[in-house]
4 protein chains.
Amino acid sequence: MNTAILLLSCPDKPGLIAEVTNFITYNNGNIIYLDQYVDHIEKIFFMRMEWSLEKFLIAPEKIEEYFETLYAQKHQMQFKLYFTDRKPRMAIFVSKMSHCLYDMLARYTAGEWQVEIPLIVSNHEDLRPAAERFGIPYHVFPITKDNKAEFEPKEMALLQENNIDFIVLARYMQIISEDMIKAYPNNIINIHHSFLPAFVGAKPYHAAYARGVKLIGATSHYVTADLDAGPIIEQDVTRITHKDTVDDLVTKGKDLEKIVLSHAVQKHIEHKVLAFKNKTIIFN
Amino acid sequence: MNTAILLLSCPDKPGLIAEVTNFITYNNGNIIYLDQYVDHIEKIFFMRMEWSLEKFLIAPEKIEEYFETLYAQKHQMQFKLYFTDRKPRMAIFVSKMSHCLYDMLARYTAGEWQVEIPLIVSNHEDLRPAAERFGIPYHVFPITKDNKAEFEPKEMALLQENNIDFIVLARYMQIISEDMIKAYPNNIINIHHSFLPAFVGAKPYHAAYARGVKLIGATSHYVTADLDAGPIIEQDVTRITHKDTVDDLVTKGKDLEKIVLSHAVQKHIEHKVLAFKNKTIIFN
Amino acid sequence: MNTAILLLSCPDKPGLIAEVTNFITYNNGNIIYLDQYVDHIEKIFFMRMEWSLEKFLIAPEKIEEYFETLYAQKHQMQFKLYFTDRKPRMAIFVSKMSHCLYDMLARYTAGEWQVEIPLIVSNHEDLRPAAERFGIPYHVFPITKDNKAEFEPKEMALLQENNIDFIVLARYMQIISEDMIKAYPNNIINIHHSFLPAFVGAKPYHAAYARGVKLIGATSHYVTADLDAGPIIEQDVTRITHKDTVDDLVTKGKDLEKIVLSHAVQKHIEHKVLAFKNKTIIFN
Amino acid sequence: MNTAILLLSCPDKPGLIAEVTNFITYNNGNIIYLDQYVDHIEKIFFMRMEWSLEKFLIAPEKIEEYFETLYAQKHQMQFKLYFTDRKPRMAIFVSKMSHCLYDMLARYTAGEWQVEIPLIVSNHEDLRPAAERFGIPYHVFPITKDNKAEFEPKEMALLQENNIDFIVLARYMQIISEDMIKAYPNNIINIHHSFLPAFVGAKPYHAAYARGVKLIGATSHYVTADLDAGPIIEQDVTRITHKDTVDDLVTKGKDLEKIVLSHAVQKHIEHKVLAFKNKTIIFN
């Protein structure tokens, strides 16, 4: 069944829900999901609505224009429209660790995610066998801190040829350049192996061990130009004790990382994440 | 600021949100909160809406009548209307354990709950000092399994004299009779010291110890005629190990019980719980 | 580095720790891990000790005999001895769902588990591609409720040819017969998709949905003749809301199931689980 | 039943457990609890042992001398000895918020803690009624950032007159001076309302809100000269969403704070915390 999903934000005022739901109802759409939220400090209204297109009077390719003309310009709405019969296309970037990659490929292969994964990118050869196991093309660009200017344009070209909508950094150990970030705003999802904002940067498990914390965490966020400081999508923690070595933290952390990252990616695939300023609204 | 809260359920159909929000918007009400949910299996629409009465054109005492006349009868809605300037009145029933009682009285005394607690009822004298510390009348009815017919009518009279809206069983160790349950439908909140439906009935910590579970739980639910089987409001668990004795489970469980019960009571006070059949919808 | 691991239980009495640690220390072993626990109700002493064999004066193949002669018979000890240079051999049984299987194969392939997985057994063809991706032989026995007597002996023969030490039921949907359970006492690990003892038996997510619980769980346990009632190794829960359908519970539950099962299997591989009566001692 | 508790640390070497347990066993003590841990990086051995004094051959007042003479000097052990028939004496410092105070007083009054609480200190009058409810003397010193030199000596005198062993800062909003910290090394327990090391310093809930985290936390730690950087005893987190305002974080955080602080205090009372460098070993 094809449905349309509308994600919108605009300055809050009375009557917005009625206004938007009327648009659907009057045109024979059946709302199958609605979640809205008002940020009373920023005075912004946020909404996610999904409706059946079966009897909807407006043709899918015309909805954006109609909504823009009739509602968005009137209420200063920013909105995005998605259709569930068009699967988003996702690229995975990896380095050497396989746990997040396998977790995503297992979900993908089992048909749990409404997504296409046409390619995997890496700066190392290590995970080529993992990619081949699942029949996904694996492209190596031997990027280092010093040669990004050489390889990133090639990466970007590959992504564009493949119509990639969003990128998942699955423990990819290189910093993404500002050009790529600008090309995929709020469309690059990273997993950081700490409970941000604690332990920003390299070697967070070593830092957690040194500080003697009793919980370790993982954080999935959109990548912005500011390292490990983009809008947080999902976080979780697990308990550790004084008995856990740095290696134990790495082992326990892997399970956190893969689940937190996959949950964030799933929300993104379902168009349930709306980034606003440096935060996210997560619709149910 | 006085606001009105509407809790409603009705058979689902298109346009209900628009219909109800229009009622507020057209009459100059400002919706400050809306949460809705459709049970697609039962085909029931549920909604909680809160709006400011400041400029609302319909007088508070007339809202129920207008809503019934204009909307409820048309859409077969069941609804309840509350006003935040009228605090609900709550009775606490206790036996000998103090942890849940103190937790609630601390919140109440600190002004965290918009509720009145005019009285505490017990079947034992033990917690009179606790009640007196907080200046709340303490009534003892020495109820046992065998003399309920004698004392419950007196309890009921006391509750009615004090205009009690709902009852919290804070580790009260007597079974409530069907008459009292009928008098307070979905208005008697119990805390059961297990993760229901595991370990129904007496001595759940002993049963948990015997079974060798790795987590213990607590469950807050509305009391129905069916023991420990009413609609669940809130649950939580905590980790235990083989090292924990039954006494350790009791100690760890107390913190679970008091937090789970207080959270359930808070949701109830805020009119965020809607019981339907044997389940609850919990609005945010 | 080769180490020995001793798991023991015996009637408690003063001096047992000193007695056992002396055995290691006097013979130039270096204890690198010791965890002990006394069940004061059963009056049983439990211990797990790991020591380096580098300078140990007793040859590995003689340790069992010496320990039996010098200590075990004197103190009525039951014990098991393992060496870390001998990897246990594990069979995985699956039906149609892949999430637990992939989670284990990802860990295995990444070298995280000190185990051999020589074969996968199923009652369906569905997961053959998953097994083949990881190069593990996949054997189908079309077992149903009614033909167990025909196929189980063949399964047993296969397991014995492959020197299987323990079996993991990764959402395997057939009940294991008593003969197989007797052949692998406390060596068949199951994952049940509920927080046991709640929702024993078939369709626990449907039962959880019907009861309206606010948390769902997963339980990994050793299989005994009594269905879903064996010693629990690991459990965990995750929060759900009234908005979650049965399908949502299934989706959320999969992540619980795979993590809980893999953690239980990991503990078993590391010889950190000691089953006693119907419970487990889990050493750190 | 009077028992002795020994907390010790020393450079690790083979045979330490045997050595220490022999001391108890040879002298007719019955070990009722033993937990040990080796930090293989620092090469330090840590141990907590509790034994019955009933038939122990060495008089309680002589144990420290004997242990020092026979073992501690030989193995460079640092140790502390406690007797369960001598309750530690605890002072509570508060400012204006009551939730942690009530939580501790409820446990104390119910007899759950083996501790004496002879006094409460505050820089404000606000919580005098709370203290009086539980019959505990309440002393106000109107300390500010600028007049510490005047009032802290008076506080210190009061603490010494009352033989205070340790201090609990229950949302006390003044920074403790270095003199007081030196007088109570690893004996001042603070609760910080964030998941440290995230959000050190003032207004952590505002900072958490601004950052858009999906979990908030609380951390109980020993106070050192370095603000919010002392050894962590206990931490926990709870889930929040984009819908939670700063006020909601404060409300949800209160429950975390009180439970985390009370659990840390309980561990301290039971002599189960051993601070080493800037971390803690928490014995079960």
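Residues numbered from 1 in each chain as written. Chains lettered and ligands numbered in written order. Predicted model: local features only at pLDDT ≥ 70, side-chain atom pairs only at ≥ 80, totals over all residues. Heavy atoms only, no water.

### Side note on the interface of chain C and chain B
In many reports, interface size means the accessible area that the parts give up when they come together.
(1) Moving on: With 33 residues of chain C in contact, the opposing surface of chain B contributes 33 residues.
(2) Moving on: Summing both partners gives a buried area of about 3000 Å² for chain C against chain B, and 55% of it is carried by carbon and sulfur.
(3) Moving on: For chain C, the biggest contributors to the area lost against chain B are R211, K214 and H242 of chain C; these three give 23% of the whole.
(4) Moving on: Linking chain C with chain B are 22 residue pairs in polar contact (both at pLDDT 80 or more).
(5) Moving on: Residue contributions to the side of chain C that touches chain B peak at seven residues, all from strand β11 (residues 232-239) of chain C.
(6) Moving on: For the side of chain C that touches chain B, the per-class residue count stands at 17 nonpolar, six polar and ten charged. (Contact = heavy atoms within 4.5 Å. Buried area = accessible area lost by both parts, 1.4 Å probe. Polar contact = N/O pair within 3.5 Å; in protein donor to acceptor, adjacent residues only side chain to side chain. Helix = DSSP H or I, 4+ residues; strand = E, 2+ residues; numbered from the N terminus. Nonpolar A, V, L, I, M, F, W, Y, C, P; charged D, E, K, R; others polar.)

### Focus on the packing of aromatic side chains
(1) Moving on: Counted according to the given criterion, the structure contains 48 aromatic pairs over all chains.
(2) Moving on: Relative to Y172 of chain D, the ring of F93 of chain D has its centre 5.2 Å away and its plane inclined at 85 degrees; by these criteria the two rings are edge-to-face. Taken together, the residues span a long stretch of sequence, with F93 of chain D in strand β5 (residues 89-94) and Y172 of chain D in the loop between β8 (166-169) and α6 (178-183) at a distance of 79 residues. One exposure class covers both F93 of chain D and Y172 of chain D, and it is buried.
(3) Moving on: Three or more aromatic residues link up through ring pairs in this structure, and these residues are F23, W51, F56, F67, Y71 and F79 of chain A.
(4) Moving on: Lying across the ring of Y33 of chain B, R48 of chain B places its NZ or CZ 4.7 Å from the centre.
(5) Moving on: In this structure, K279 of chain D is placed above the aromatic ring of Y209 of chain A, and the distance from its NZ or CZ to the ring centre is 3.4 Å. (Phe/Tyr/Trp six-rings, centres within 6.5 Å; stacked < 30°, edge-to-face > 60°. Buried < 20%, exposed > 50% of the residue type's maximum accessible area, 1.4 Å probe, protein only. Lys NZ or Arg CZ within 6 Å of the ring centre and 35° of its normal.)

### Some words on the pattern of salt bridges
(1) Moving on: As enumerated under the stated definition, the model contains 68 salt bridges over all chains in all.
(2) Moving on: With a closest N to O distance of 2.8 Å, R171 of chain B and E257 of chain B form a salt bridge. Of this pair, R171 of chain B sits in the loop between β8 (166-169) and α6 (178-183) while E257 of chain B is found in helix α8 (residues 246-269), placing the two residues 86 residues apart along the sequence. Grouping residues by exposure puts R171 of chain B and E257 of chain B together as buried.
(3) Moving on: It is possible to trace a salt-bridge network through shared partners that takes in D103 and R107 of chain A together with D255 and K258 of chain C. (Salt bridge = Lys/Arg side-chain N within 4 Å of Asp/Glu carboxyl O.)

### Concerning the relation of the copies chain C and chain B
(1) Moving on: Rotating chain C by 180 degrees and translating it 0.0 Å along the rotation axis places it on chain B, where the RMSD comes to 0.0 Å. Here the two chains are linked by the operation of a two-fold rotation axis. Within chain C, the C-alpha atom positioned nearest to the axis of rotation is that of A198 of chain C, 2.3 Å from it.
(2) Moving on: Taken as a fraction of all interface residues of chain C, those also at the interface in chain B reach 100%, which identifies the copy contact as same-surface. (Least-squares fit on C-alpha atoms with pLDDT ≥ 70 in both.)

### Remarks on the sheet that holds β5 of chain D
Residue and element names in this part refer to chain D.
(1) Moving on: Spatially, β7-β6-β5-β8-β9-β10-β11 is the arrangement adopted by the seven strands of the open sheet, whose pairing is mixed. Strand pairing shows two members of the sheet lacking a second neighbour, β7 (138-140) and β11 (232-239), which therefore form its edges. Here the average twist between neighbouring strands, direction ignored, is 20 degrees.
(2) Moving on: Packing of helix α5 (residues 148-161) onto the sheet brings it into contact with β5, β6 (116-122), β7 and β8, and relative to β6 it is tilted by some 170 degrees. (Pairing = 2+ DSSP bridges. Axes fitted to C-alpha atoms, helices over the stretch in contact; angles between N-to-C directions.)

### Here we look at unusual backbone geometry
(1) Moving on: With an omega dihedral of 10 degrees, the bond running from L196 of chain A to P197 of chain A counts as a cis peptide bond.
(2) Moving on: With respect to the element layout, P197 of chain A can be found in the loop between β9 (188-192) and α7 (204-211).
(3) Moving on: In this structure, R171 of chain D is a non-glycine residue whose phi angle is positive, near 60 degrees.
(4) Moving on: With phi around 55 degrees, K203 of chain D is a residue other than glycine that occupies positive phi space.
(5) Moving on: Position of K203 of chain D relative to the elements: it lies in the loop between β9 (188-192) and α7 (204-211).

### Details of the relation of the copies chain D and chain A
(1) Moving on: Each copy of the sequence occupies a distinct position, and chain D is placed on chain A by a rotation of 180 degrees and an axial shift of 0.0 Å, giving an RMSD of 0.0 Å.
(2) Moving on: Of the interface residues in chain D, 100% have counterparts in chain A that sit at the interface too, so the contact is made through matching surfaces.

### Structural notes on helix α5 (residues 148-161) of chain C
Residue and element names in this part refer to chain C.
(1) Moving on: Along its 14 residues, α5 runs 20 Å from first to last C-alpha, staying within 8% of the 20 Å computed at 1.5 Å per residue.
(2) Moving on: All of the buried residues along α5 are K148, F151, E152, E155, M156, L158 and L159. Buried residues in α5, looked at end-on, bunch into an arc of 160 degrees, giving them a common side. Facing away from the buried side of α5, by more than 90 degrees, are the exposed residues A149 and E161.
(3) Moving on: Residues of α5 that are buried make contact with β5 (89-94), β6 (116-122), β7 (138-140), β8 (166-169) and α6 (178-183).
(4) Moving on: Taken from the residues just after α5, N163 is the one with a positive phi, measuring 50 degrees. (Expected span 1.5 Å × (residues − 1). Arc of directions from axis to C-beta.)

### Re the sheet that holds strand β9 (residues 188-192) of chain C
The strands making up a sheet associate through backbone hydrogen bonding, with each pair oriented either parallel or antiparallel.
Residue and element names in this part refer to chain C.
(1) Moving on: Pairing is mixed across the open sheet formed by seven strands, whose spatial order is β7-β6-β5-β8-β9-β10-β11. Of all strands in the sheet, those with a lone pairing partner are β7 and β11, marking the two edges. The sheet shows a mean angle of 20 degrees between the axes of neighbouring strands, direction not considered.
(2) Moving on: Alignment of β5 against β6, held across five bridges, turns out to be parallel. Its bridge partner lying in β6, F93 is registered against V121.
(3) Moving on: Where helix α8 (residues 246-269) meets the sheet, it contacts β5, β8, β9, β10 (215-222) and β11, and its direction lies at approximately 30 degrees from that of β10.

### Let's talk about the interface of chain D and chain A
(1) Moving on: The interface is formed by 33 residues belonging to chain D together with 33 residues belonging to chain A.
(2) Moving on: Regarding the contact of chain D and chain A, the summed buried area is about 3000 Å², with carbon and sulfur atoms giving 55% of it.
(3) Moving on: A per-residue breakdown of the area chain D buries against chain A is headed by R211, K214 and H242 of chain D, which together make up 23% of the total.
(4) Moving on: If you look at where chain D meets chain A, you find six salt bridges.
(5) Moving on: The shortest N-O distance in the salt bridge between E234 of chain A and R239 of chain D comes to 3.1 Å.
(6) Moving on: Counting the contacts that link chain D with chain A gives 21 residue pairs in polar contact (both at pLDDT 80 or more).

### Points about the environment of L34 of chain B
(1) Moving on: Residue position: L34 of chain B is located in strand β2 (residues 30-39).
(2) Moving on: Given the relative accessible area of 7%, L34 of chain B is considered buried.
(3) Moving on: The sequence separation of L34 of chain B and N284 of chain B amounts to 250 residues, and the corresponding C-alpha distance is 9.3 Å.
(4) Moving on: Not counting residues within four places of it along the chain, the set of residues in contact with L34 of chain B comprises I17 and Q36 of chain A together with T21, M47, R48 and M49 of chain B.

### Things to note about the packing of helix α1 (residues 16-26) of chain A against helix α2 (residues 60-75) of chain A
The description of two helices packed together rests on the angle between their axes and the distance between the axes.
All names here are of chain A.
(1) Moving on: Two numbers describe how α1 lies on α2: the axes approach to 11 Å, and their chain directions differ by 175 degrees. Viewed along their axes, α1 and α2 adopt a mutual orientation that is roughly antiparallel. Here L16, E19, V20 and F23 of α1 come into contact with α2, specifically with F67, Y71, K74 and H75. (Parallel < 35°, antiparallel > 145°, perpendicular 65-115°, else oblique.)

### What to know about the pairing of strand β13 (residues 279-282) of chain A
Looking along a regular strand, one sees side chains alternate from face to face of the sheet.
Residues and elements named next belong to chain A.
(1) Moving on: As defined by bridge partners, strand β12 (residues 273-276) adjoins β13 across four bridges and the pair is classed as antiparallel. Directly across from L274, in β13, lies its bridge partner I281.
(2) Moving on: Between β12 and β13, which pair antiparallel and follow one another directly, the connecting turn spans two residues, one of which, K277, has a positive phi of 50 degrees.

### Thoughts on the packing of α7 of chain D against helix α8 (residues 246-269) of chain D
All names here are of chain D.
(1) Moving on: Between α7 and α8, whose axes approach to 10 Å, the crossing angle comes to 120 degrees. As the angle between them shows, α7 and α8 are arranged oblique. Handedness of the α7/α8 crossing: right-handed. Each of Y205, H206, A208 and Y209 in α7 lies in contact with α8, whose residues at this interface are V246, L249, V250, G253, K254 and E257.
(2) Moving on: Of the residues belonging to the contact of α7 with α8, the class tally is six nonpolar, two polar and two charged. (Left-handed = near helix turned anticlockwise from the far one by under 90°.)

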